[in-house]
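Here is how the chains run, residue by residue.
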Amino acid sequence: MKIDILSIFPNMFNEFLTTSIIKRAIQDNKVEINVINFRDFSTDPHKKVDDYSFGGGAGMVLMPQPIYDAVESIRTKDSKVILMTPQGKQYNQRLAYDLVKEKHLIIICGHYEGFDERIRNLADMEISIGDFVLTGGELASMVITDSVVRLIDGVIEKDSHEFDSFNNNLLDYPVYTKPVDFRGMEVPDVLLSGNHKNINEWRYNKALEKTRERRPDILEKR
Ligand code: ADE
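The paragraphs below set out a description of the structure included in this document. Treat the numbers as computed from the prediction; the structure is a model and nothing was measured.

The next thing to look at is the sheet that holds strand 4 (residues 60–62). If you walk across this open sheet you meet the 3 strands as 3-4-7, and the pairing is mixed. Strand pairing shows two members of the sheet lacking a second neighbour, strand 3 (50–52) and strand 7 (114–115), which therefore form its edges.

Next up, the structure:
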């Protein structure tokens, strides 16, 4: 899988791409990730990427030219172009499973007060990571990339995501590690019993209980 991220703040991605699971996935050639500065595509003598909004209004608006040229230089028939915007489709685990099936994602990060409406025509899909407004799409694009890359075969143990929260519309069951007794808070006996049938049953019931308590909305979808 290949992911190209278009941003005018490529430095924001340095730690993200060189840390932990994402770093390993890149090293193991499970994914290729490029951050492309679309300012480099600006035909303006000063490499401008934004301008005032026609009709007035506060803030600068990203112009279509640099983003169109950047996307057109990398887009193939296998590409899916995603625009990060709070007006997009709400992101969730199901969408992550859809995106991991794609060969090539091109993720456009908006910035400033917004982007020229015509940029929307470039995108196959618009995604929002939640009902709040970020200063730009960079963090949102990292959220998408992180959640998709961990689903690529071989990036993490399959078990680790088969039982993730939200799979089967259930939140995760609780997990414990050493010590067995921490400040009087004890690991439930069943987890120390070695009886896998009982352990699985306990985990399922706990997941159900937790979901009913915290997210009855997702339980209704089951
Ligand atoms: N850009 C700014 N806010 C955003 C959000 N909530 N989701 C995706 N992209 C964004």
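Read from one edge of the open sheet, 5 strands run 2-1-6-5-8, paired in parallel fashion. Across the chains shown, the open sheet's two edge strands, defined by having one partner strand only, are strand 2 (32–36) and strand 8 (125–128). The mean angle between the axes of side-by-side strands here comes to 30°, regardless of whether they run parallel or antiparallel. Summarising the sheet, strand 1 (residues 2–6) and strand 6 (residues 104–109) pair through 5 bridges and their orientation is parallel. Bridging from a neighbouring strand, I5 pairs with I107 of strand 6.

Let us now look at the layout of surface pockets. Each pocket or cavity is described by its volume, and for the largest pocket that value is around 440 Å³. Looking at the largest pocket, it is lined by 23 residues, and the ones nearest its centre are M84, T85, P86, F115 and V133. Elements with a contribution of two residues or more to the lining of the largest pocket: strand 5 (79–90), strand 7 and strand 8. Ranked by the residues each element gives to the lining of the largest pocket, the list is headed by strand 5, at 4 residues.

The next thing to look at is the side chain of S141. Position of S141 among the secondary structure elements: in helix 5 (residues 138–149). Given the relative accessible area of 0%, S141 is considered buried. Once you skip the residues sitting within four places of it in the chain, S141 turns out to touch I5, F13, M84, I107 and C109.

Time to look at the site of the ligand. Taken together, the neighbourhood of the ligand is formed by M84, T85, P86, I127, S128, I129, G130, F132, V133, L134, G136 and A140. T85 places a main-chain nitrogen or oxygen 3.2 Å from a nitrogen atom of the ligand. Measuring from a nitrogen atom of the ligand, one finds a backbone N or O atom of I129 at 3.0 Å. About the coverage of the ligand: the protein hides 96% of its 260 Å² of free accessible area. Most atoms of the ligand, that is more than half of them, are within 2 Å of grid points of the largest pocket. The set of elements that each furnish at least two residues to the shell around the ligand consists of strand 5 and strand 8.

Reading guide: rules and limits
- Within each chain, residue numbers correspond to sequence positions counted from 1 in written order.
- Local features in this predicted model are restricted to residues of pLDDT 70 or higher, and side-chain atom pairs are both shown and tallied only at a pLDDT of 80 or more, whereas totals for entire chains, interfaces and linings draw on every residue.
- Calculated side-chain values reflect all of the structure's heavy atoms, with hydrogen atoms and water omitted.
- In short, DSSP must find at least two bridges between two strands for them to pair.
- Secondary structure counts use DSSP, requiring at least four H or I residues in a row for a helix and at least two E residues in a row for a strand, with both numbered from the N terminus.
- Axis definition: a line fit to C-alpha positions, over the contact stretch in the case of helices; interaxial angles, taken between N-to-C directions, run 0 to 180 degrees.
- Only protein atoms enter the 1 Å grid used here, on which a cavity is any set of points holding a 1.4 Å probe that cannot leave and a pocket is any open set flanked by protein within 12 Å on both sides along at least five of seven lines; residues with an atom within 4 Å of a point are listed as lining.
- Grid points are joined across faces, edges and corners, and a volume is the space filled by probe spheres set on the points.
- Relative accessibility under 20% of the residue-type maximum defines a buried residue, over 50% an exposed one, and the middle range a partly exposed one, all with a 1.4 Å probe and only protein chains included.
- Contacts between residues were defined by any pair of non-hydrogen atoms, one from each residue, lying within 4.5 Å.
- Near residues are defined by distance, with any heavy atom within 4 Å of the molecule or strand qualifying the residue.
- Whenever a nitrogen or oxygen atom comes within 3.5 Å of another N or O atom, the pair is scored as a polar contact, on the condition that within protein one atom can donate a hydrogen and the other can accept it, and that pairs from neighbouring residues in sequence are kept only if both atoms are in side chains.
- Computed with a 1.4 Å probe, the accessible areas rest on the Shrake-Rupley method; for each residue, only the protein chains presented here act as cover.
- Criterion for pocket placement: a molecule counts as inside a cavity or pocket if more than half of its atoms are within 2 Å of its grid points.

Note that every value here comes from positions in space, so none of it alone points to a role or purpose.
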